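Summary of the model geometry
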Amino acid sequence: APGMQVARHHMLRLGVGLYGLRLTFDAIVALGLAGVLIPLAMLVSTLLLGTWIGVRLLGLERSDALVVSAGSAVCGAAAAIAMASVVKTDNRQTAVAVATVVLFGTVGMVLYPYLFELAAGHMHLAVSERTFGIFTGATLHEVAQVIASGKMVSDATADAAVVAKMVRVLALGPLLLIMALWTRASERKHGLDTGGAGWPGLLRSVPWFALGFVAVMAINSAGMVPPGWKPGLIALDNWLLATAMLAIGLQTRLIDLVRTGRAPMILAGILFVFLIIGGAALCWFTA
């Protein structure tokens, strides 16, 4: 179990950072404005919709709805845990949010390549690998799931998906800052301000691995990586990501998903459908 924790967290983040060796800033420019705006639009709309549905229709506490919605909107379990540390939910609700991310993110990881085959191969829609990569990065939950699903289609899809996903991941820092300020203002209004509580958790939750991804991509864009080093580093990166995916699978138990309760699972399911339909619509209109 301790080894799987290391693989799932530290090795995954190192693998995501090293993935920047495959990309350059020219890749971001190649995505165009849509490659940045679509992920951000899906993030904001999913977070707002999930919070509203969770509170108004499913009777969840606002903090619990935010944690589940953040997992779907931003970057999976990491975002759910980070949001929980800021809005201060209990461990059980955090575990519930992570379970929903694992379930629907895994379903999406397997489903998305078949959606591409259905759209491009059977329905003969004009869906390019680049556009589908943007769709994948803008809507799928975990970074590792995005990489795995994109590579099932093509390397070009995976590259576009990772860049689009990093837009969402990098938005986690500003989002956590906003939520921390909102939480402190709410506590102050009700006389519960503890004078700084939440800020250590906020700093620990900053997605430093996403900044590392950008730094590695900048080094690669500047041509500072010796060509002879790249094959070995990319092979190491593949091994890190594969090990992290194995750890995620080994730590997923069906009984944990059954125990999550209906309301969070229903909310996560609704958001999963919204991400697919909404993301496909945005990609279609901007293609």
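Structure shown above.
Please read all numbers here as calculations on a predicted model, not as lab measurements.

1. Topic: the overall build of the protein
The helix and strand inventory of the protein stands at 15 helices and 0 strands. Burial statistics for the protein: of 287 residues in total, 48% are counted as buried. Sequence separation of 24 or more characterises 80% of the internal contacts of the protein that already satisfy a separation of 6 or more. Looking at the protein as shown, the accessible area adds up to about 13,300 Å², and 71% of this sits on carbon and sulfur atoms.

2. With respect to helix H9 (residues 155-170)
Between its terminal C-alpha atoms H9 stretches 22 Å, which fits the 22 Å expected from 16 residues at 1.5 Å a residue. Burial runs high along H9: 12 of the 16 residues are buried. Burial in H9 covers these residues: Thr157, Ala158, Ala160, Ala161, Val162, Val163, Ala164, Lys165, Met166, Val167, Arg168 and Val169.

3. Some words on the side chain of asparagine 220
Structurally, the position occupied by asparagine 220 is in helix H12 (residues 208-221). When its relative accessible area of 8% is taken as the criterion, asparagine 220 is described as buried. Contacts of asparagine 220, omitting those with residues within four sequence positions, involve Gly20, Leu21, Arg22, Leu23, Thr24, Val225 and Lys230.

4. A look at the environment of leucine 233
Examined against the element boundaries, leucine 233 turns out to sit in helix H13 (residues 230-250). Judged by its relative accessible area of 26%, leucine 233 falls in the partly exposed class. For the pair leucine 233 and leucine 18, spaced 215 residues apart in sequence, the C-alpha to C-alpha distance is 7.7 Å. Once residues within four sequence positions are removed from consideration, leucine 233 is found in contact with Leu21 and Val225.

5. Considerations on the pattern of salt bridges
Under the counting rule described, the total for this entry stands at 1 salt bridge. Its salt-bridge partner being aspartate 155, residue lysine 151 comes within 3.3 Å of it at the nearest N-O pair.

6. Observations concerning the nonpolar core
A general feature of soluble globular proteins is that nonpolar side chains tend to end up buried together. In terms of nonpolar packing, the biggest core is built from 65 residues, with Tyr19, Val74 and Met83 touching the most fellow members. Not counting residues within four places of it along the chain, the set of residues in contact with tyrosine 19 comprises Ile147, Lys151, Ala158, Asp159, Val162, Phe213, Asp237 and Leu241.

7. Things to note about the environment of leucine 47
Counting through the fold element by element, leucine 47 comes out in helix H3 (residues 34-57). Note: C-alpha distance between leucine 47 and leucine 66 (19 residues apart in sequence) is 7.1 Å. Contacts of leucine 47, omitting those with residues within four sequence positions, involve Leu66, Ser69, Ala70, Ala73 and Leu175.

8. Quick word on the layout of surface pockets
Reported here for the second largest pocket is a volume of approximately 320 Å³. Looking at the second largest pocket, it is lined by 15 residues, and the ones nearest its centre are Ala119, Leu125, Val127, Phe132 and Ala280. The dominant element in the lining of the second largest pocket, judged by the number of residues it contributes, is helix H15 (residues 262-286), at 4 residues.

Here is what the cut-offs are and how they apply
- Residues numbered from 1 in each chain as written.
- Predicted model: local features only at pLDDT ≥ 70, side-chain atom pairs only at ≥ 80, totals over all residues.
- Heavy atoms only, no water.
- Helix = DSSP H or I, 4+ residues; strand = E, 2+ residues; numbered from the N terminus.
- Buried < 20%, exposed > 50% of the residue type's maximum accessible area, 1.4 Å probe, protein only.
- Contact = heavy atoms within 4.5 Å.
- Areas by Shrake-Rupley, 256 points an atom, 1.4 Å probe, with all protein chains shown as cover.
- Expected span 1.5 Å × (residues − 1).
- Salt bridge = Lys/Arg side-chain N within 4 Å of Asp/Glu carboxyl O.
- Core = buried A, V, L, I, M, F, W, Y, C linked by side-chain atoms within 4.5 Å.
- 1 Å grid on protein atoms, 1.4 Å probe; cavity = no way out; pocket = protein on both sides within 12 Å on 5 of 7 lines; lining within 4 Å.
- Points joined across faces, edges and corners; volume = space filled by probe spheres on them.

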